[in-house]
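Notes for the structure review
Here's the letter readout for the chains.
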Amino acid sequence: MTVPFGDLVALAGAMVAHARATGPTGVPDDGETAATVAALLTAEPRNEAQVLVITTVIVRDALADPFRETTANRWRALLPAWVQPQLIGSTVNRLVASGLLVPTGRYVRSTDSPGRNLGKLQPVYAFDAEALREHHQEQTAAAS
């Protein structure tokens, strides 16, 4: 399945808009959880270009896989050098929170030696295009 670049950018844009529109969930006064930090980082307008690139690379990788699965080992090297490392994890967390990336329950060993993660377990995710369709339908209904 080939997805036009414009569609991937639109997906990333929708994810950024979603992060801006929704706050983190959880118990009051639970502090700066990973969800809070991820939402803040991905919603920051100065980070929008980086979030768009990260999302595009991840989704393209997942769509190239016959099972729509992805792991950082495959797409890490495809990210431009100007992408801040903390935004990568934040963007992945937001994609998981939005339901677009779903943990498969499987893990692989990391090949990230510069990030000092070599050999650590990292999750394998599946891309859920149905969640994207549902989000698009909700957006369309809200605009009507």
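Anything mentioned here points back to the structure above.
To keep things clear, this report deals only with the structure shown in the data block. (Residues numbered from 1 in each chain as written. Predicted model: local features only at pLDDT ≥ 70, side-chain atom pairs only at ≥ 80, totals over all residues. Heavy atoms only, no water.)

1. Focus: the environment of Val102
Assignment of secondary structure puts Val102 in strand β2 (residues 101-109). Residue classification places Val102 among the partly exposed residues on the basis of a relative accessible area of 35%. A C-alpha to C-alpha distance of 9.8 Å links Val102 and Pro123, two positions 21 residues apart in sequence. Excluding its chain neighbours within four sequence positions, the residues that come into contact with Val102 are Val124, Tyr125, Ala126 and Asp128. (Helix = DSSP H or I, 4+ residues; strand = E, 2+ residues; numbered from the N terminus. Buried < 20%, exposed > 50% of the residue type's maximum accessible area, 1.4 Å probe, protein only. Contact = heavy atoms within 4.5 Å.)

2. A closer look at the pattern of salt bridges
The full count for this structure, using the stated rule, is four salt bridges. The shortest N-O distance in the salt bridge between Asp61 and Arg74 comes to 2.9 Å. Of this pair, Asp61 sits in helix α3 (residues 48-64) while Arg74 is found in helix α4 (residues 72-75), placing the two residues 13 residues apart along the sequence. Here Arg74 ties to Asp65 by a salt bridge, and the two come within 3.5 Å at their closest N and O atoms. Several salt bridges converge on common partners, so that one network encompasses Asp61, Asp65 and Arg74. (Salt bridge = Lys/Arg side-chain N within 4 Å of Asp/Glu carboxyl O.)

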